Amino acid sequence: GAVVSQHPSWVICKSGTSVKIECRSLDFQATTMFWYRQFPKQSLMLMATSNEGSKATYEQGVEKDKFLINHASLTLSTLTVTSAHPEDSSFYICSATRTVGHEQFFGPGTRLTVL
Amino acid sequence: AQRVTQPEKLLSVFKGAPVELKCNYSYSGSPELFWYVQYSRQRLQLLLRHISRESIKGFTADLNKGETSFHLKKPFAQEEDSAMYYCALSGQGAQKLVFGQGTRLTINP
């Protein structure tokens, strides 16, 4: 149990377009979902924390108008990269938790390439 | 500020040898420490957490508050242990994780 999926697994887009990435908890209700960014050979950097039905909390330095997060249900959170640029190319990973203090279950990640 | 340091980016040991992956942290309160592992072409998954005091796949980790360390150890490495290992910290009562840079462990036959 506790499976998290992401869609798409990879996406290539043109500079200036917007890209939406979905994160779903398949067999549990996720009270909280997290979005991370990982550059090649680097660690995961938390971008934002989202709770169902409320606004996401963004980490310092993360532009909330550029990285729109919506957590409309207990099983789905979306990250939209607006007006993407080549520097937004990265590996985006989501995770979900069931209750406070429990482990985070990670999705497989989405590789975004902006041309 | 919360910080996790994994001093070794790469670690290579022979099968059957002991392995220790180092992790040091900086946190003013009482943190919760974790080790996550990512096998080749798989997603990140929890290996162990300090509060459970378990041994998972032969790995153990002890929280040393005096040295602010949470090193991961295994007495006899196996080839299937080859993976990327991340040490992570969450603040007391908080959910969000701060990750170290990761250590790529390679077990040579």
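A few points on the structure. The residue numbers shown here count from 1 along each chain, following its written sequence. Naming scheme: in the order in which they are written, chains are lettered from A and ligands are numbered from 1. Per-residue local features of the predicted model are confined to residues with pLDDT of at least 70, and side-chain atom pairs are confined, for both listing and counting, to 80 or more; whole-chain, interface and lining totals are unaffected and use all residues. Each side-chain value is derived from all of the structure's non-hydrogen atoms; neither hydrogens nor water enter the calculation.

Digging into the overall build of chain B
By the criteria applied, helices consist of DSSP H or I runs no shorter than four residues and strands consist of E runs no shorter than two, each listed in order from the N terminus. Each helix and strand in chain B was counted, giving zero helices and 11 strands. Reading chain B from its N terminus to its C terminus gives the helix and strand order β-β-β-β-β-β-β-β-β-β-β. With the principal axes as the frame, chain B shows a C-alpha extent of 40 × 30 × 25 Å. Put simply, chain B has 109 residues, and 45% of those count as buried. Counting only carbon and sulfur atoms, one obtains 48% of the accessible surface of chain B, whose full area is about 5800 Å². Positive and negative side-chain charges in chain B, numbering 14 and 9 respectively, have mean positions lying 7 Å apart. Under the scheme applied here, a residue whose accessible area is under 20% of the maximum for its type counts as buried, over 50% as exposed, and between as partly exposed, the area being computed with a 1.4 Å probe on protein chains only. Residue-level accessible areas treat just the shown protein chains as cover; the underlying method is Shrake-Rupley with a 1.4 Å probe. The charge count includes Lys and Arg as positive and Asp and Glu as negative, but it does not include His or the ends of the chains. Just so you know, the charge point we use is NZ for Lys, CZ for Arg, CG for Asp and CD for Glu.

What to know about the interface of chain A and chain B
Listed by partner, the interface residues are 22 residues for chain A and 14 residues for chain B. Of all residues in chain A, Ser43(A), Glu103(A) and Phe106(A) bury the most surface against chain B, accounting for 32% of the area lost on that side. Salt-bridge contacts for Glu59(A) lead to Lys96(B); the nearest nitrogen and oxygen are separated by 3.1 Å. Between N or O atoms, a polar contact is any pair within 3.5 Å; within protein, one atom must be a potential hydrogen donor and the other a potential acceptor, and residues adjacent in sequence are included only when both atoms are from side chains. The interface formed by chain A and chain B holds five residue pairs in polar contact (both at pLDDT 80 or more) in total. For the side of chain A that touches chain B, the elements supplying multiple residues, two or more each, are β4 (32-38) and β5 (44-51) of chain A. When residues of the side of chain A that touches chain B are assigned to their parent elements, the largest contribution, four residues, is made by β4(A). Amino acids outside the nonpolar list (Ala, Val, Leu, Ile, Met, Phe, Trp, Tyr, Cys, Pro) and the charged list (Asp, Glu, Lys, Arg) are all regarded as polar, and Gly is one of them. Partitioning the side of chain A that touches chain B into residue classes produces nine nonpolar, 11 polar and two charged. In what follows, a contact means two residues having at least one pair of non-hydrogen atoms within 4.5 Å. Defined here as a combined quantity, buried area equals the accessible surface (1.4 Å probe) lost by two parts on assembly, summed across both. Counted as salt bridges are all cases of a side-chain nitrogen of Lys or Arg within 4 Å of a carboxyl oxygen of Asp or Glu.

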